[in-house]
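Residues per chain are reported as follows:
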Amino acid sequence: MTNMDDDSTILEVSPVGDIILVVGPPEEEQLRLRVSSAVLRSASKVFDAMFSPPWVESSRTLSLESPKDVELPEDDPEAMTAICFAIHHRPDMVPFVDMNGTKILQAAYTIDKYDLGTAMQLVTDKWLRQQLPAKSVEELLYMAAAAVVLKNYEAFSKLTWLVMITHEGSYLRFQNDDQLRELFPSGMFFLLSERTFLIRAHLSKALHEAGPSNACKCTDTLKDKIQSVTDKYGVTCNTDISILKALRGVVEVANAESVLEDSPCPYGSRHSCYGIRYSLSDWTESKTSLCLRCLLEDSSMKKTCKHKKRSHGGGIRELELLYLY
């Protein structure tokens, strides 16, 4: 922090800055950021235009000795601070842990406004994937909204899939959120509800088909596990239990199948199972997540998605990845 002649406190982003960004509405406490016009111009076409003629008559207008004030009354001070530190290569000052969904969305608005998407891509990618296990459904939805603003298609698919598998109950309460309603394509929450039900249906079908392929007393433990998971999670009908919790029950069944197949049978039978791990290809992220490109083209997503989605290796790999969430 430094003090200038007018006794205003300035946050020094760049010690060789020739611009003072005065951020925030004048009726509130504004933030003053000392930044380099050269860095801003190289990162943003918008800033490049702002700091070029006729806004400045010559390079002599901007100087280290007398940095020029630039008023940005409509911008969010916290978002602009994070952005300025990022594009000035000060990663130690860029917030990551404290960036919740609302703050990420606000930063996304500012990044889009000043055409900073490319310059901020590494930072926004990290914002949109950091600490996902700790995020609430509301946080994930705000992060998905930020992905819409930033046109980050992969993050949007990942975040909407996490919404579907972690949400409990109805999506109706989110439809009254003005920011989400404005940013998300129409029919978004209907599609989330529809896909969530389909995932539950696929899981129920997989549980129904799971189990031993031969009759043997050794299979009673596996049968009991399947019945226990089905009763506990009520995969299809009980929307008060998240799909993620139900999937962890499916993992228990998959592990029980593996134990049975690896165990010698005292009755001389060969233990084999239908393999619940191999019957879950229809619930995986690559098959059920929402495609932002398709939504922007047709909000009903009635056509088959032709855009490439990253696969994590099918049901087996994604069952293992569940422990990361």
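Residues numbered from 1 in each chain as written. Predicted model: local features only at pLDDT ≥ 70, side-chain atom pairs only at ≥ 80, totals over all residues. Heavy atoms only, no water.

Caption draft 1: Structural view of the packing of aromatic side chains. The final tally for this structure, using the stated rule, is four aromatic pairs. Note on F47 and F51: the rings are 5.9 Å apart at their centroids and 10° apart in plane angle, and the pair reads as stacked. There is no split in this pair, since F47 and F51 are both buried. Members of the aromatic cluster, each reached through a chain of ring pairs, are F47, F51 and Y114. Over the ring of F96 we find K126; its NZ or CZ atom is 4.3 Å from the centre of that ring. (Phe/Tyr/Trp six-rings, centres within 6.5 Å; stacked < 30°, edge-to-face > 60°. Buried < 20%, exposed > 50% of the residue type's maximum accessible area, 1.4 Å probe, protein only. Lys NZ or Arg CZ within 6 Å of the ring centre and 35° of its normal.)

Caption draft 2: Spatial organisation of the packing of helix α4 (residues 101-113) against helix α6 (residues 137-150). Look at α4 against α6: their axes get within 8 Å of each other, and the N-to-C directions meet at 10°. When the axis of α4 is compared with that of α6, the two are roughly parallel. Mapping the contact onto sequence places G101, T102, I104, L105, A108, Y109, I111 and D112 in α4 and E139, Y142, M143, A145, A146, V149 and L150 in α6. A per-class count over the contact of α4 with α6 returns 11 nonpolar, two polar and two charged. (Axes fitted to C-alpha atoms, helices over the stretch in contact; angles between N-to-C directions. Helix = DSSP H or I, 4+ residues; strand = E, 2+ residues; numbered from the N terminus. Parallel < 35°, antiparallel > 145°, perpendicular 65-115°, else oblique. Contact = heavy atoms within 4.5 Å. Nonpolar A, V, L, I, M, F, W, Y, C, P; charged D, E, K, R; others polar.)

Caption draft 3: A look at the environment of L128. Secondary-structure assignment places L128 in the loop between α5 (121-127) and α6. Between the alpha carbons of L128 and A146 there is a distance of 8.3 Å; along the sequence they are 18 residues apart. L128 has contacts with I104, M143, A146, A147, L150, N152, A155 and L159, leaving out every residue within four places of it along the chain.

Caption draft 4: Molecular detail of the pattern of salt bridges. Enumeration over the complete set of coordinates arrives at nine salt bridges. Between D75 and K113 there is a salt bridge whose closest N-O contact spans 2.8 Å. Here D75, found in the loop between β5 (68-72) and α3 (77-87), pairs with K113, found in helix α4; they are 38 residues apart in sequence, far enough to count as distant. Take K113: its relative accessible area is 39%, and that puts it in the partly exposed class. Of the charged contacts, one joins K103 and E78 as a salt bridge, the two residues approaching to 3.1 Å between their closest N and O atoms. You can see K103 sitting in helix α4 and its partner E78 sitting in helix α3, a full 25 residues away along the chain. What emerges from the salt-bridge pattern is a single network uniting E74, D75 and K113. (Salt bridge = Lys/Arg side-chain N within 4 Å of Asp/Glu carboxyl O.)

Caption draft 5: Just the nonpolar core, in detail. One finds L21, W127, F156 and F184 to be the most contacted residues of the largest nonpolar core, which totals 86 residues. Looking at which element gives the most residues to this core, the answer is α6, with 11 residues. (Core = buried A, V, L, I, M, F, W, Y, C linked by side-chain atoms within 4.5 Å.)

Caption draft 6: Main features of the environment of D125. Turning to its location among the elements, D125 is positioned in helix α5. Residue classification places D125 among the partly exposed positions, given a relative accessible area of 23%. It is 8.3 Å that separates the C-alpha atoms of D125 and N152, two residues lying 27 residues apart in sequence.

Caption draft 7: View of the packing of α6 against helix α7 (residues 153-166). Contact pair α6 / α7: the axes reach a minimum separation of 9 Å and the direction vectors enclose 160°. Here α6 lies roughly antiparallel to α7, going by the angle between them. Considering the relative orientation of α6 and α7, their crossing is left-handed. Together, V137, L140, L141, M143, A144, A147 and V148 of α6 and A155, F156, L159, T160, L162, V163 and T166 of α7 make up the contact between the two elements. Considered class by class, the residues forming the contact of α6 with α7 number 12 nonpolar, two polar and no charged. (Left-handed = near helix turned anticlockwise from the far one by under 90°.)

Caption draft 8: Highlighting the environment of A43. Among the secondary structure elements, A43 is positioned in helix α1 (residues 37-43). A C-alpha to C-alpha distance of 8.7 Å links A43 and M120, two positions 77 residues apart in sequence. Ignoring any residue separated from it by four or fewer positions in sequence, one finds A43 in contact with I87, D115, L116 and A119.

Caption draft 9: Region of the structure containing unusual backbone geometry. Its identity is not glycine, yet H89 carries a phi of approximately 60°, on the positive side. Along the chain, H89 falls in the loop between α3 and α4.

Caption draft 10: Representation of the pairing of strand β3 (residues 19-23) within the structure. Within β3, five of the five residues are buried, leaving the element largely enclosed by the surrounding structure. Across five bridges, β3 lies against β5 in parallel orientation. Each bridged residue has a counterpart across the sheet, and for L21 the counterpart in β5 is V70. (Pairing = 2+ DSSP bridges.)

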